[in-house]
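The residues making up each chain are set out below.
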Amino acid sequence: MKLESEQLSEQFSRCWTSLCRRIMRTETDGFWQNFRRRAPREQAGVKNTSTATDGHLSPCGERTQKVSLTFEQILETKCLSEASRLLLEREERLFGEEKESEALTHHEEEVNKLAADRRVLQDLVLQTLARALNLGEDSLEVLTSAVQAVRQEEDQDRLWTQRKRTPPAWRPSGWMELHDSTLLSLVEERMDNPPTPPAVQVKQSAIQADVNNMGRQLKEDLLCVVHAVSSCYPTEMDICNLYAKLYHQTFSARFIKIADFELMDKDLTFLLRWVNEYYPQILQKPQLASVIDVEALGKLLPKELLEPMEKEYLSLQQVMLATYIDRVLEEAKQKWIKGEEPTREDGCFVSPVAYDLIQLINGLVTSATKVVGDEQKAQKITCHLKDLMQRFKKFQNDVMKQNKANSRSIIKANLGCIEQFRDVLVKKRHLFTEDVQKNCLHLLTDIEQSAHAYLLKPVHVVLKPEYYKLGRSNWLKDLQLDELLLSIKKELQGLQGSIESCHQKLIGQLHQEVTAEYVSSLLKGRIKLKDTEQQQKAYHTVKENAESLHDFFVEMGSEEDWLKEILTKIAEVLKLQDLPAIQMQVASLGTAYPDLSEKHVSALLKLKTNLSRANRKTVKVCLSDTLKEMGSSRQTRPFFSRVQVK
């Protein structure tokens, strides 16, 4: 209460200063002396409410003794809180104590005058509040005074609720409700008539122009509230959040009306961006976020309106993606049909298919994340990507099936597309749901394998005679592998043309397939190792072949180092004579490559003709037990599933 009294005293002092300056500018000294003599008589019967100067110089620069200002004089200075205090004192004098009915009748004229003065003051207070966002810096004191008057009226309303007698006709006054409704009217008027910027707004629909203007007005006004208006209010009134709430409600109401129209696609996207991106960005400005409870405001549109709009938008983006993929693939198909070769870059065939589609997917999902404000919702755009990728697979299958003159170069270019697709699926997972990513990666593996098979098939046709020579009696004494490697080297030229990383994988695939053919030829059993000497010789041959194959393919670009280990382990089995040692070596091979079957082991052991059938069975049982203990949890590379045995 002491602090409030001091504030009132300061306000009255400012009022008195203002009045004195005005009088000194407009009136004569004689009038001023006459005013000083008249003032006490004009306030006859009213308790003196002025602030004494106690012998000190008054704000006007002269010594005065207790001087009382009339209600009208105080209003002239726009000290609304002081005017309110004066009226409250008159109210207390008239109604503060119980009066006889005769006394009340005697004061009826004063009551009517008080009611009239209250209406005048109320109008001035509401007018000040209605201009709150257009007040100059010098007028902020007036707004502060108006707010104080509202609070004093609110305090008086509460006081009367505690009294057990009939209040004046104007109680409760409800000035706080009038305050809030006046601010609401102010906000609605400003949002209904926002200024249009002088710059010409090109390429904007009427809806976009209106919303942008309202949004700009909202931002400017809220910043004005924070920087200026809030200084006129006490903290407990939380004026920044009140204004934010009013602007939010008004802006939201306008959005709901707009959303009821049948919107064009661009306007639909525009509104969603305002709801989920632009409007939140305004509220997250540091000046606003520090004083406004943004979460309490919520979305501009209710859920029942927002969700159908978002669903429609995402559906449009899905159609756009499907249409674009069809167009890109159709363009590639037409070039293939016309016999055109793919473009070359640095001597490698390349296709724009993957790049174009990836750019579109990334752009659509990234933009949709902002438009709908949710990454998981935006991922729905790619929910049919697997079906779209199937079209790419069908295009490639058609190219391989017809085997035109330009088919091989197109497939080499497609390998680059596959790598690009895989790269974006792995490195930009946020663009896809988990199921879409998993299914598309699996599909890409199938597409890649079929491309490899198409490109390598002619190579294996040429190498077939060399495969036939492996694992025969001459194999242990002639340089059969050297002839094989020489033939492979001649065929590698025809595999050139894909980008380096894809060519490297293609050579790695050939490395695997040649190794599998080598093992398959060995397990056909066309050679019998009858004694330790022959088995020792076979050991050295297989081990040397393993080194030669490894060195050759590594030089050609293969990174499949693990293939050397398989041949080395097979060589060890051929060399060993002790049954437990053979069991351990076979178990080791099975542990590393669980697709090793009993048929593979049986074929390998049959090469060692000095190993009995019972011993072979013992080794196979040992392998079976080892694989059972491992279970299926261990991740390994398949190899023996490529090796066909009878």
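Everything that follows concerns the structure shown earlier in this document.
Within every chain, residues take consecutive numbers counted from 1 along the sequence as written. For a predicted model such as this one, the threshold for reporting local features is a pLDDT of at least 70, and the threshold for listing and counting side-chain atom pairs is 80 or more; totals across whole chains, interfaces and linings nevertheless cover every residue. Side-chain calculation: all heavy atoms of the structure are included, whereas hydrogens and water are not.

Enquirer: An account of the overall build of the chain is requested, with residue identities and associated values reported.
Expert: When you go through the chain residue by residue, the secondary structure sums to 26 helices and 2 strands. Here the chain, with 646 residues, has 47% of them falling under the buried criterion. Should any heavy atoms of two residues lie within 4.5 Å, those residues are considered in contact. Considering only intrachain contacts with a sequence separation of at least 6, the fraction spanning at least 24 residues in the chain is 76%. A 1.4 Å probe and the Shrake-Rupley method give the accessible areas. Residues count as covered only by the protein chains that appear here. Looking at the chain as shown, the accessible area adds up to about 34300 Å², and 50% of this sits on carbon and sulfur atoms. The way it works is that DSSP assigns letters per residue, a run of H or I at least four long becomes a helix, a run of E at least two long becomes a strand, and they are numbered from the N terminus. Whether a residue is buried, partly exposed or exposed follows from its accessible area with a 1.4 Å probe, protein chains only, as a fraction of its type maximum: under 20%, in between, or over 50%, in that order.

Enquirer: Please give an account of the nonpolar core that cites residues and values.
Expert: In plain words, nonpolar cores are sets of buried Ala, Val, Leu, Ile, Met, Phe, Trp, Tyr and Cys residues tied together by side-chain atoms within 4.5 Å. Ranked by size, the top nonpolar core spans 180 residues in total, and within it Val-211, Tyr-243, Phe-251 and Ile-488 carry the most contacts. In terms of residue count, the dominant contributor to this core is helix α19 (residues 434-469) (12 residues). Excluding its chain neighbours within four sequence positions, the residues that come into contact with Val-211 are Phe-251, Phe-255, Ile-258, Phe-270, Leu-271 and Trp-274.

Enquirer: Could you give an account of the packing of aromatic side chains, with specific residues and numbers?
Expert: Pairing of aromatic side chains here covers Phe, Tyr and the six-membered ring of Trp, requires ring centres within 6.5 Å, and sorts the geometry by plane angle: under 30 degrees stacked, over 60 edge-to-face, intermediate tilted. Following the criterion strictly, the structure yields 12 aromatic pairs and no others. Relative to Tyr-279, the ring of Phe-251 lies with its centre 5.9 Å away and its plane at 70°, an arrangement referred to as edge-to-face. Of this pair, Phe-251 sits in helix α10 (residues 239-259) while Tyr-279 sits in helix α11 (residues 265-283); the two residues are 28 residues apart in sequence, bridging distant segments of the chain. Geometrically, the ring pair formed by Trp-562 and Phe-639 is edge-to-face, given 6.4 Å between the ring centres and 85° between the ring planes. Of this pair, Trp-562 sits in helix α23 (residues 562-575) while Phe-639 is found in the segment after α26 (613-630), placing the two residues 77 residues apart along the sequence. The two residues Trp-562 and Phe-639 agree in class, both being buried. Ring pairs connect the aromatic residues Phe-251, Phe-255, Trp-274, Tyr-278 and Tyr-279, which therefore count as one cluster. Criterion for a charge above a ring: Lys NZ or Arg CZ within 6 Å of the ring centre, and within 35 degrees of the ring normal. Its end group placed over the ring of Trp-160, Arg-163 keeps NZ or CZ at 4.5 Å from the ring centre. Above the ring of Tyr-539, the side-chain terminus of Lys-575 is found at 4.5 Å from the ring centroid.

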